[in-house]
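# What the coordinates show
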Amino acid sequence: MDINGKIYKDFLNRIERFQVQNGPEKIKKQHAKGKLHARERIALLFDKDSFEELDAFVTSATPDTGFGRIDEAFGDGVVIGHGRINGRIVYVYSQDFTVMGGSLGSVHAKKIMKVQELALRVGAPIVGLIDSGGARIQEGVASLSGYASIFHRNIQSSGVIPQISVILGPAAGGAVYSPALTDFVFMTKNTSYMFVTGPDVVKEVLNEEVTFDELGGAEVHARKSGVANFIYEDEENTILGVKKLLSFFPSNNLENPPFVEPKSKKEKNIDKLRSIVPDDPNKPYDVKKVIDLIVDQDSFFEVSEQYAPNIVVGFSRLNGKAIGIVANQPKILAGVLDINSSLKGARFIRFCDSFNIPILTLEDVPGFLPGLDQEHSGIIKHGAKLLFAYSEATVPKITVILRKAYGGAFCVMNSRNVGGDYSFAWPTAEIAVMGPEGAVSILYKRELQDAEDPKKLKKEFAAKYRQDIANPYIADEKGYIDEVIDPADTRNKLITAFKTLENKHVDQPARKHGNIPL
Ligand code: HXC
């Protein structure tokens, strides 16, 4: 081919056209909103020069009915393809808001389906970079059908390949359901929002004035609804977060997570674990400090940090191997289990189990949160989800009881009886049917009624209960836990214990699927 000839020039022209799409003006507008262009986002996501685009030249199928403007652009408002992140193949679709508001027409939908199918076939994760006005109004039912087909593929891929949604602009209407079906949702503060019905409809139907941010901004979804697992200040950091998250995952459910060399040998501060739990059982401490002292240096990556912070979940590494951590947080609501923390823990456990990530549980929980609100909102069925998730998970599962393991919470939080492989306890552990105050109120009701100083007597009974009943040695002697350990030995014990479980195999009864109490 003559590189000065017509054929090659025509080829270069076309490439230039799809790169710029609707021209620099639209990209400038996008930048002015604090947003990047679809291709700039892809460049940030992948290892240098590793992105290979597919279907760059396809054209839109939106009919020109004279209703609404149609952009004559290549690609139909979405960039798709594959690239490498830390050397591993990942598929991507990145919606281009500069083409008809990134709205989803039939060709746009087919392109997304194409990478969904390829990712599933190849066994590679898929990342969706979402910035879209939703169903393309001009295409009507063709667009709705596109969404439904995408949802179906999300569900087919669930538990087979990791799926991540990154909301970098609008995600409105039914368009929110693809992200909701994926494993993790990232959002960028101030520039992204998700809602089923927008502020105009809210005003019309309920006569309530709300802003986009109040209704479905990043903070709202991170703190209140729990829809967003990660939020960041800007797009660069959001995309860095996606890359970090993927580093903990295998490419698919048949592989194991990759090994990452720990930063340094970790012996120096480990003694601090002995003094981290206060002698006073009512005093809080930060379980994240315990996590940091146990895991490989700087390896803890928290998931859903802002939602239900009375439970802490996240990915980390022990001697280079990925683990998922579920830890009660005594610093917040005494680490109590309530509806939201049960949901958060259950979903996290199910992800870990789908992708061969062993689970470490750090337990310090006074029980389930009592009260009308929790009971009426269904703590029974929601708490059961956590129990179900732990019990059905077949990955290696180890618990360390740091302090309180009372009542149903002892059973739920990965006790050996619900399938936990090893259960260790620190000498500070309190294991019993209920906390001392509750127990002595029931057992010594009459004595306390007749006492001259019931408060003092109750304190004495509670201290005796704590010493005689709620200690870890009874559970150890009777074989309900494996060992009471020195807190400073925790890291080494866990590394050894997880090593023994590397070839763990559990036979499952034949069934279509269990019926988790949704
Ligand atoms: C076609 C659309 C579009 C859409 C935006 N555009 N949304 N074109 N179909 N759904 C076009 C606009 O006409 C405009 O074209 C360009 O994209 C940029 O949009 P602006 O409104 O100028 O941008 P902005 O002010 O930033 O507002 C963004 C927005 C707004 C908030 C997303 O465009 C909007 O409200 N769009 C509609 C959102 C929506 O209700 N979608 C349907 C949801 S229902 P020009 O030519 O001016 O550049 C749904 C059903 C799915 O999705 C069901 C699945 C089960």
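Structure report, in brief. (Residues numbered from 1 in each chain as written. Predicted model: local features only at pLDDT ≥ 70, side-chain atom pairs only at ≥ 80, totals over all residues. Heavy atoms only, no water.)

### Section: the layout of surface pockets
In this structure, the second largest pocket spans a volume of roughly 330 Å³. In this structure, the second largest pocket is lined by 16 residues; those nearest its centre are K26, F97, M100, G101 and S103. Tallied by class, the residues present in the lining of the second largest pocket amount to four nonpolar, six polar and six charged. (1 Å grid on protein atoms, 1.4 Å probe; cavity = no way out; pocket = protein on both sides within 12 Å on 5 of 7 lines; lining within 4 Å. Points joined across faces, edges and corners; volume = space filled by probe spheres on them. Nonpolar A, V, L, I, M, F, W, Y, C, P; charged D, E, K, R; others polar.)

### Some details on the pattern of salt bridges
Enumeration according to the criterion identifies 31 salt bridges in this entry. Between D364 and R403 there is a salt bridge, with its nearest N and O atoms 3.0 Å apart. Linking D364 in strand 12 (residues 359-365) with R403 in strand 13 (residues 397-406), this pair joins segments that are 39 residues apart in sequence. The class for D364 is buried, based on a relative accessible area of 1%. If you follow the salt bridges from partner to partner, you end up with K35, R41, D131 and E235 in one network. (Salt bridge = Lys/Arg side-chain N within 4 Å of Asp/Glu carboxyl O. Helix = DSSP H or I, 4+ residues; strand = E, 2+ residues; numbered from the N terminus. Buried < 20%, exposed > 50% of the residue type's maximum accessible area, 1.4 Å probe, protein only.)

### Thoughts on the environment of G174
Mapped onto the secondary structure, G174 falls in the loop between strand 5 (163-172) and helix 6 (177-181). Sequence separation between G174 and V196 is 22 residues; the distance between their C-alpha atoms is 6.2 Å.

### Quick look at the packing of helix 12 (residues 339-354) against helix 14 (residues 379-392)
Remark: helix 12 packs on helix 14, axes separated minimally by 8 Å, with the N-to-C direction vectors making an angle of 25 degrees. Regarding the angle of helix 12 to helix 14, the classification is roughly parallel. The hand of the helix 12/helix 14 crossing is left-handed. Across the interface between the two elements, I339, S342, L343, G345, A346, I349, R350 and D353 from helix 12 touch I379, H382, G383, K385, L386, A389, Y390 and E392 from helix 14. The residue makeup of the contact of helix 12 with helix 14, split by class, is eight nonpolar, four polar and four charged. (Axes fitted to C-alpha atoms, helices over the stretch in contact; angles between N-to-C directions. Parallel < 35°, antiparallel > 145°, perpendicular 65-115°, else oblique. Left-handed = near helix turned anticlockwise from the far one by under 90°. Contact = heavy atoms within 4.5 Å.)

### As for empty space enclosed by the protein
Within the structure shown, the criterion is met by two cavities of 30 Å³ or more. Looking at the largest cavity, its volume works out to about 90 Å³. Lining the largest cavity are 13 residues, and of these Y93, Q95, I130, Y147 and A175 sit closest to its centre. Listed by contribution, the elements that provide at least two residues to the lining of the largest cavity are strand 3 (88-95), strand 4 (126-132), helix 5 (141-157), strand 5 and helix 6. Residues belonging to the lining of the largest cavity are distributed by class as follows: 10 nonpolar, three polar and no charged. Counted as a void, the second largest cavity has a volume near 50 Å³. Every residue lining the second largest cavity is listed: Y93, Q116, I126, V127, G128, N154, Q163, I164, S165, S178 and T182. Taken together, the elements giving at least two residues each to the lining of the second largest cavity come down to strand 4 and strand 5. For the lining of the second largest cavity, the class distribution of residues is four nonpolar, seven polar and no charged.

### Structural notes on the nonpolar core
Core analysis: the biggest nonpolar cluster contains 47 residues, and V127, I164, L245, F249, F315 and V326 have the highest contact counts within it. Among the nonpolar cores identified, the runner-up in size contains 30 residues, and I270, I294, V295 and I325 belong to it. (Core = buried A, V, L, I, M, F, W, Y, C linked by side-chain atoms within 4.5 Å.)

### Some thoughts on the pairing of strand 6 (residues 184-188)
Of all five residues making up strand 6, five are buried, and the element is well covered by its neighbours. Going residue by residue along strand 6, you find F184, F186 and T188 tucked away on one face and V185 and M187 tucked away on the opposite face as well. As paired strands, strand 5 and strand 6 are joined by four bridges and run parallel to one another. Pairing of S165 across the sheet is with V185, part of strand 6. (Pairing = 2+ DSSP bridges.)

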